[in-house]
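Residue-level listing of the chains:
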Amino acid sequence: MGCPPRPAPGREKLSSRAWDRIQAAFAADTDLDVECGWVLKEALRDIYAQATDRDHAHRMLVAWYQLVVDYDVAEFIRLARTLSQWEDQFLAYFETRLTNGRTEARNLVIKH
């Protein structure tokens, strides 16, 4: 099954040349995995950009899970399972707007 019509992805950082290259990749991908992957990535990104609170983020995440089921891209199915297991932690961001990114970055520096 092909992927359903895509939602408007966040293209605000792409030049027209970059968008042309992405479109060419979509056209060359007969299985539609590249385009479906792009749409799923952008839809997940939209949760961070558009959700106004935890409940809104949860509704958007549930819709994203449905896109994952509809598009059936293996890598995103695994990601959806992981997000589902960590859903409370994921949604906590929308209450506090805080992450542990700095701590993770420092840990990475220490490891290396």
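The structure contained in this document is the topic of the report that follows. Computed from a predicted model, the values in this text were never measured in an experiment.

Overall, the coordinates contain nine aromatic pairs when judged by the stated rule. Each ring, one from Y93 and one from F94, has its centre 5.1 Å from the other, and the planes form 85 degrees; the classification is edge-to-face. Linked through ring pairs, Y48, F90, Y93 and F94 together constitute an aromatic cluster.

At their nearest, the axes of helix α2 (residues 33–50) and helix α5 (residues 87–96) sit 10 Å apart, and the two run at 35 degrees to each other. On the side of α2, the interface is formed by L44, I47 and Y48, while α5 contributes F90, Y93 and F94. Here the residues of the contact of α2 with α5 are counted per class, giving six nonpolar, no polar and no charged.

In the contact formed by helix α1 (residues 16–28) and α2, the axes pass within 7 Å of each other and the chain directions differ by 130 degrees. The angle between the axes of α1 and α2 places the two elements in the oblique class. Between α1 and α2, the residues in contact are W19, I22, A25 and F26 and V34, E35 and W38, respectively. Among the residues forming the contact of α1 with α2, the class breakdown is six nonpolar, no polar and one charged.

The tendency in soluble globular proteins is for nonpolar side chains to be buried side by side. L40, I47, L61, W64 and F90 are the most contacted members of the largest nonpolar core, which totals 26 residues. If you list the elements that add at least two residues to this core, you get α1, α2, α3 (54–71), α4 (74–85) and α5. With eight residues, the top contributor of residues to this core is α3. Contacts of L40, omitting those with residues within four sequence positions, involve W64, L67, V68, Y71, V73 and F76.

Looking now at the pattern of salt bridges. Applying the stated criterion to the full structure yields four salt bridges. Of the charged contacts in the structure, one is a salt bridge between K41 and E42, with a shortest N-O distance of 2.3 Å. On the accessibility criterion, K41 (35% relative accessible area) is partly exposed. Taking the relative accessible area as the measure of exposure, E42 reaches 2% and is therefore buried. Of the charged contacts in the structure, one is a salt bridge between R45 and E42, with a shortest N-O distance of 3.3 Å. With a gap of three residues between them, R45 and E42 both fall in helix α2, about one helical turn apart. Residue classification places R45 among the partly exposed residues on the basis of a relative accessible area of 29%. It is possible to trace a salt-bridge network through shared partners that takes in K41, E42 and R45.

Here we come to the environment of E12. With respect to the helices, strands and loops of the structure, E12 is situated in the segment before α1. Taking relative accessible area as the criterion, E12 reaches 54% and is therefore assigned exposed. The spacing of E12 and Y93 is 81 residues in sequence and 23 Å in space, taken between C-alpha atoms.

Thresholds applied
Residues numbered from 1 in each chain as written. Predicted model: local features only at pLDDT ≥ 70, side-chain atom pairs only at ≥ 80, totals over all residues. Heavy atoms only, no water. Phe/Tyr/Trp six-rings, centres within 6.5 Å; stacked < 30°, edge-to-face > 60°. Axes fitted to C-alpha atoms, helices over the stretch in contact; angles between N-to-C directions. Helix = DSSP H or I, 4+ residues; strand = E, 2+ residues; numbered from the N terminus. Contact = heavy atoms within 4.5 Å. Nonpolar A, V, L, I, M, F, W, Y, C, P; charged D, E, K, R; others polar. Parallel < 35°, antiparallel > 145°, perpendicular 65-115°, else oblique. Core = buried A, V, L, I, M, F, W, Y, C linked by side-chain atoms within 4.5 Å. Buried < 20%, exposed > 50% of the residue type's maximum accessible area, 1.4 Å probe, protein only. Salt bridge = Lys/Arg side-chain N within 4 Å of Asp/Glu carboxyl O.

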